[in-house]
Amino acid sequence: MGILIVGIILIAFIIIILIVRSIRLKRAKKDFDALELRFTELKGIPLSFKLNKAVSLSKVNTNLKDDVVSFQEEYEKTQEGLKEYSVLLAETDDFIFSKKIKKANQCINQLEPVVANTSRIVLALDAKLEKVLEQENTQRESINTLKERFRVLKRELMEHRSDYHTSIENLDSSIKNIEEMFSIFEEWMFASEFDKAADKQMEIQVEIENLEHALHALPDYYQQLKGTLTAATDELTYLYSSSKAKGVYLDHLDIDKRLEVIRELLSESLAKLSDVDLPTIEKDIDDLEVRIVSVKEDIDKENDAYVQLHEKVSPLFERVKDLNKRYEIIRELYDRVNVRFGFDNWTARLEKDEVMLDELNEQRFRLEKVISENTVPFSTLFLSYEELDTMVQKLEIECKEMQQRLESACSDEERAKEQMIKLQLIVNEIRIKIEKNHLPNVSEKYDDDLIMANKHIEDIKAILLITPLNVEALNAKIEESIDYIYTLYNSVNNLVGMAIMVENAILFGNKYRSEYAEVDNELTRAELCFNNGQYTKSLKIAMNIIEKLHPGVYENLVKKGVDINEAIQI
């Protein structure tokens, strides 16, 4: 039993030792793998390539010679460190393979300072070489960008060759030229001639930009020259032909010659597309557009003038005819009313207007003749039309003012005569109303007023008989007479109306005289006032007594304007 227990303990101890040994072995192998990976990374840094580049560069740039010598010395140190690194790695690998863990760990411990020192030397040298070769790296990045742009442009040309028509041969030559320039660039880079390589790179960039501009611009130029501008030229030719057929005068514009120049320039520009001479083509397109627009504007200007002239000239000629008729009317009116109304002497004025009218007639006949002959541009004729129109407007205003003054003078006289007749009728009506109603004790003032009213009418007659007629005095007298006679008319109407109301009130009150002594007394007073011409007082006395008998009758009678019997019923 004791032996069994000892055996179990021994086996367990052995197992523990094996486990611990296995763990230590794995840890050593892990450390070895990390060191080996680091060694691979350091070996992967292309120090030899970069140093050779630096040596080549020093042959061109003498300022780098001392630095390159120092780089070579440091390079030797890196190689020694890497060699020692490599030997220790190999020994460590052998110990791990033979499971000599202790010796393997010893080698790993020896490797750690070697790794640190070697890494420092390698990285420091790599940084120095990178700084020296920085120009090359920058140029390499730039040239790679240009190569990518070039590949895109080359692919674009291959995919859209049909869009470039006759320019394709020139574009292919540009592609080939750029490829050759890339090769030359690489030769200069290989020889470490970075400045020459930079110059070549600039040339490559310019060529690529020109190619890019050509690939983007040429399809539009083809479309403009073969499509838009060609169509515009054809439309211009049709516009020219149709305008001439319509009768528009265009000979002064030299359209045939200008169209021929446009066609020749268009043909030459299309030929230049094969040479890909973009600046010249752009200039030609701009020139073509300016020429086409200029010809079209000139033709449109003449067409517009032709249309406007034919639309407006006939009405203008009619206005000239109307002016002739109006002038005759004015002349006749002036001869008839000049003495009657004492107008200023218009002889000079009428003679001046007659001269202007003769000039208008002459210009009208001349314009009509030139239009029918069709030998002068319509834009020029339209200026003559506008000049004639201005003269017509001026004379129309002059004739209108004169005619209005003449007709106004005649109408003032007729209006005064009509108004005088109306005033006579009103005066007669006033006289008849006073006589018809037999108003007692009418004041002498009304007789005087009638005499004054008749005098106003006589004054109007007297003014009308005078030659020349003073229109201002006539109008003033008419206004004065209207104010006076209408005021008198209203006053008499009120007087007659009040007298009638008094008579009606007394007649109504007579029915109550026998019943009421007060009524009899008051009505007697009212009659006395009425006979004395005191109509207002008489009405007040009569209405007061009736109001006592029938309250509210005064309001109905006066305010509602009804008959006294109706007022009582209300």
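Computed from a predicted structure; not experimentally measured.

What counts and how
Residues numbered from 1 in each chain as written. Predicted model: local features only at pLDDT ≥ 70, side-chain atom pairs only at ≥ 80, totals over all residues. Heavy atoms only, no water. Helix = DSSP H or I, 4+ residues; strand = E, 2+ residues; numbered from the N terminus. Buried < 20%, exposed > 50% of the residue type's maximum accessible area, 1.4 Å probe, protein only. Contact = heavy atoms within 4.5 Å. Phe/Tyr/Trp six-rings, centres within 6.5 Å; stacked < 30°, edge-to-face > 60°. Lys NZ or Arg CZ within 6 Å of the ring centre and 35° of its normal. Axes fitted to C-alpha atoms, helices over the stretch in contact; angles between N-to-C directions. Left-handed = near helix turned anticlockwise from the far one by under 90°. Nonpolar A, V, L, I, M, F, W, Y, C, P; charged D, E, K, R; others polar. Patch = residues over 30% accessible without salt bridge, like charges linked within 9 Å, V, L, I, M, F, W, Y side chains within 5 Å. Areas by Shrake-Rupley, 256 points an atom, 1.4 Å probe, with all protein chains shown as cover. Salt bridge = Lys/Arg side-chain N within 4 Å of Asp/Glu carboxyl O. Lys, Arg positive; Asp, Glu negative; His and termini not counted. Charge placed at Lys NZ, Arg CZ, Asp CG, Glu CD. Expected span 1.5 Å × (residues − 1). Parallel < 35°, antiparallel > 145°, perpendicular 65-115°, else oblique.

Participant: Give me the lowdown on the overall build of the chain, citing residues and values where you can.
Facilitator: Helix and strand counts for the chain stand at 17 helices and 0 strands. Taken across its 570 residues, the chain has 36% of its residues classed as buried. If you take every contact in the chain between residues at least 6 apart in sequence, the share linking residues at least 24 apart comes to 76%.

Participant: Residue-level account of the side chain of Lys200, with values.
Facilitator: Position of Lys200 among the secondary structure elements: in helix 7 (residues 194-246). Relative accessible area serves as the criterion here: at 15%, Lys200 is assigned to the buried category.

Participant: How would you summarise the packing of aromatic side chains if you had to cite specific residues and measurements?
Facilitator: Applying the stated criterion to the full structure yields 3 aromatic pairs. Judged by centre distance (4.9 Å) and plane angle (85 degrees), the ring pair of Tyr306 and Phe378 falls under edge-to-face. With a gap of 72 residues between them, Tyr306 in helix 9 (residues 278-341) and Phe378 in helix 11 (residues 378-436) connect regions that are remote in the sequence. The exposure class assigned to Tyr306 is buried, which follows from its relative accessible area of 15%. Sitting over the ring of Phe317, Arg364 keeps its end group 5.2 Å from the ring centre.

Participant: Break down the environment of Lys400 for me, with residues and values.
Facilitator: If you trace the backbone, Lys400 turns up in helix 11. Overall, Lys400 belongs to the partly exposed group, its relative accessible area being 47%. Along the sequence, Lys400 and Ile330 sit 70 residues apart, while their C-alpha atoms lie 9.2 Å from each other.

Participant: Before we move on, could you go through the packing of helix 13 (residues 471-509) against helix 15 (residues 535-549) and cite the residues and values that matter?
Facilitator: Where helix 13 contacts helix 15, the axes come no closer than 9 Å and their chain directions differ by 35 degrees. Our pair here, helix 13 against helix 15, has a crossing hand that is left-handed. From helix 13, Leu495, Met498, Ala499, Met501, Val502, Ala505, Ile506 and Phe508 reach across to helix 15, where they touch Tyr535, Thr536, Ser538, Leu539, Ala542, Met543 and Ile546. Residue composition of the contact of helix 13 with helix 15, grouped by class: 13 nonpolar, 2 polar and no charged.

Participant: So what about a negative patch on the surface? Which residues, and what values?
Facilitator: Together, Glu328, Glu332, Glu351, Glu354 and Asp358 make up a region of like negative charge exposed at the surface. Where the negative patch is concerned, the elements lending two or more residues are helix 9 and helix 10 (347-373). By residue number, the principal contributor to the negative patch is helix 10, which donates 3 residues. Relative to the helices and strands, Glu328 is located in helix 9.

Participant: Explain helix 10 to me, using residue names and the numbers behind them.
Facilitator: The first and last C-alpha atoms of helix 10 sit 39 Å apart over 27 residues, in line with the 39 Å expected at 1.5 Å per residue. Regarding helix 10, the residues found buried are Leu350, Asp353, Met356, Leu357, Leu360, Asn361, Gln363, Arg364, Leu367, Val370 and Ile371. In the stretch just after helix 10, Asn374 is the one whose phi turns positive, near 55 degrees.

Participant: Explain the environment of Gln419 residue by residue, including any values.
Facilitator: Among the structural elements, Gln419 can be located in helix 11. When the C-alpha atoms of Gln419 and Ile482 are compared, they prove to be 8.5 Å apart, with 63 residues separating the residues in sequence. In this structure, Gln419 is in contact with Ile478, Ile482 and Tyr486, ignoring residues within four places of it in sequence.

Participant: Which residues make up the environment of Glu480, and what values do they have?
Facilitator: Mapped onto the fold, Glu480 is located in helix 13. Exposure remark for Glu480: the relative accessible area of 41% places this residue in the partly exposed category. For Glu480 and His456, which are 24 residues apart along the polypeptide, the C-alpha to C-alpha distance reads 8.3 Å.

Participant: Lay out the pattern of salt bridges in plain terms, naming residues and giving numbers.
Facilitator: Opposite charge on two side chains permits pairing when their charged atoms draw close. Under the criterion given, the structure shown has 22 salt bridges. Glu203 is the salt-bridge partner of Lys200, the closest N and O atoms lying 3.0 Å from each other. A residue pair is termed a helical-turn pair when its members lie 3 or 4 positions apart in one helix, as Lys200 and Glu203 do in helix 7 at 3 residues. The residue Glu368 makes a salt bridge to Arg364 at a minimum N-O spacing of 3.9 Å. Here the residue Glu368 and the residue Arg364 both occupy positions in helix 10, the gap between them amounting to 4 residues, near one helical turn. Connected through shared salt-bridge partners, Lys455, Asp459, Lys477 and Glu480 make up one network.

Participant: Outline unusual backbone geometry, listing residues and values.
Facilitator: With a phi angle near 55 degrees, Asp254 is a residue other than glycine that sits in the positive phi range. With respect to the helices and strands, the residue Asp254 is situated in the loop between helix 7 and helix 8 (255-272). Judged by relative accessible area, Asp254 falls into the partly exposed class, the value being 48%.

Participant: Would you mind going over the side chain of Lys477 in detail, with residue names and values included?
Facilitator: Along the chain, Lys477 turns up in helix 13. Assessed through its relative accessible area of 14%, Lys477 is described here as buried. Apart from residues lying up to four places away in sequence, Lys477 is in contact with His456, Asp459, Ile460 and Ile463.

Participant: I'd like a description of the packing of helix 14 (residues 517-531) against helix 15, backed by residues and values.
Facilitator: At a closest axis distance of 7 Å, the pairing of helix 14 and helix 15 adopts a crossing angle of 165 degrees. Between helix 14 and helix 15, the interaxial angle falls into the category roughly antiparallel. Relative to helix 15, the crossing made by helix 14 is left-handed. Between helix 14, through Glu518, Val519, Glu522, Leu523, Arg525, Ala526, Cys529 and Phe530, and helix 15, the contact on the second element is made entirely by Tyr535, Lys537, Ser538, Ile541, Ala542, Ile545, Lys548 and Leu549.

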